[in-house]
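Examination of the molecular architecture
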Amino acid sequence: MANYDTGSQGMVMSEGLAARLGLQVVGEALLGSPAGGPPIPAKLVELTSLSVGGMVVPRAPRSLEAVLIADTRLPAGVELILGNRQFPRSLIELDFAGQRFRLAAAERVDSSTWNQTDERGLLAGTLQIGAERVPLHIDSGNPGLLDLPLALASRLPLRSPPRGGESISLVDRTLPVVRAELDLPATLAGNEVQLSGSFRFVELPSANLGARAMRLARLRIDTARQRWTLQLPSSPRPQLGEPAPASVSSR
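Anyway, here's the lowdown on the structure attached to this text. (Residues numbered from 1 in each chain as written. Predicted model: local features only at pLDDT ≥ 70, side-chain atom pairs only at ≥ 80, totals over all residues. Heavy atoms only, no water.)

Ordered in space as β1-β8-β2-β7-β4-β3, the 6 strands form an open sheet in which the pairing is mixed. Each having just a single partner strand, β1 (2-4) and β3 (25-31) make up the two edges of the open sheet. Taking each pair of neighbouring strands and ignoring which way they run, the sheet shows an average axis angle of 30°. Across 3 bridges, β1 lies against strand β8 (residues 80-82) in parallel orientation. Residue pairing in the sheet places Y4 in a bridge with L82 of β8. (Pairing = 2+ DSSP bridges. Helix = DSSP H or I, 4+ residues; strand = E, 2+ residues; numbered from the N terminus. Axes fitted to C-alpha atoms, helices over the stretch in contact; angles between N-to-C directions.)

Right, here's the structure in full:
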């Protein structure tokens, strides 16, 4: 099974799938870390062709190259992860509410809510919580909700004491997690939301919006113009947050 990951710069393939396809290693690449640490060297293979939804991926620079990763490092049942680089000059639409994926040639669609991708082609925006304005990445490969930078835990009015005991595994390391409750209005990539419930605070350079937070969203990515837009329902205002544990009382 293949997944599309807005947080991936390129294609990632399991070592097992590469072996079954008989792909030969053609070089090495550096696999970026979400935590902002040093890139990790990884083996690189090249596909002879790739078709997604009937659309043939062009042989643009590096669009058919895949980084190899151990099968155990991928989600269960997933052998291939595709990123934006596989769809140059395309309009990608992900309708999470309707569970639909659409891939088409880029169109001239104007909107005041477009955000520019960053220098790596990732979906970069901003999250505004009160006076705090932090960078934000839209990451459909993250199955969670919304991870916040650890530094915010000391600057926001928390509704519960921070508590540890959890961790998350990244491609290069495992990071401890601090969890606390919030109840604050916020602006997320131009969308008004309410952060209400329990949130993870992780030592990351930016906030990370996961797939579960986009269950009612429509995401459009215009790779030709290096821009993207996220649309959430405006009424009622979407609420984001995990349920608070019963043992935790607000203050």
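Let us keep going from here.
Read from one edge of the open sheet, 5 strands run β10-β9-β19-β20-β11, paired in antiparallel fashion. For this open sheet the edge positions go to β10 (100-105) and β11 (115-116), each flanked by a neighbour on one side alone. Direction of pairing for strand β19 (residues 218-222) relative to strand β20 (residues 227-231): antiparallel, over a ladder of 5 bridges. Residue pairing for β20: L219 is matched across the bridge by L230.

Next up on the list: the pattern of salt bridges. Per the counting criterion, the structure on display carries 13 salt bridges. Notably, a salt bridge pairs R220 with E93, separated by 3.0 Å at the nearest N-O pair. Of this pair, R220 sits in strand β19 while E93 is found in strand β9 (residues 90-95), placing the two residues 127 residues apart along the sequence. Residue D147 is joined to R200 by a salt bridge in which the shortest nitrogen-to-oxygen separation is 2.8 Å. Of the two residues, D147 is situated in strand β14 (residues 146-149) and R200 in strand β17 (residues 191-202); the sequence distance between them amounts to 53 residues. Through salt bridges with shared partners, a single ionic network connects E93, R102, R218 and R220. (Salt bridge = Lys/Arg side-chain N within 4 Å of Asp/Glu carboxyl O.)

Next up on the list: the nonpolar core. Membership of the largest hydrophobic core comes to 54 residues, with the highest contact counts inside it found for L127, L148, F201 and L209. The greatest single-element share of this core, amounting to 5 residues, is contributed by strand β16 (residues 174-188). With residues up to four places along the chain from it excluded, the contact list for L127 reads E132, R133, V134, L136, L146, L148, A186, T187, L188 and A207. Of all hydrophobic cores here, the second largest spans 6 residues; its members include L170, V177, V202 and L204. (Core = buried A, V, L, I, M, F, W, Y, C linked by side-chain atoms within 4.5 Å. Buried < 20%, exposed > 50% of the residue type's maximum accessible area, 1.4 Å probe, protein only. Contact = heavy atoms within 4.5 Å.)

Evaluation of the coordinates by the stated rule reveals 3 aromatic pairs. Clustering of aromatic rings is evident, with ring pairs tying together Y4, F87 and F101. R227 extends its terminal NZ or CZ atom over the ring of W114, reaching a point 4.2 Å from the ring centre. (Phe/Tyr/Trp six-rings, centres within 6.5 Å; stacked < 30°, edge-to-face > 60°. Lys NZ or Arg CZ within 6 Å of the ring centre and 35° of its normal.)

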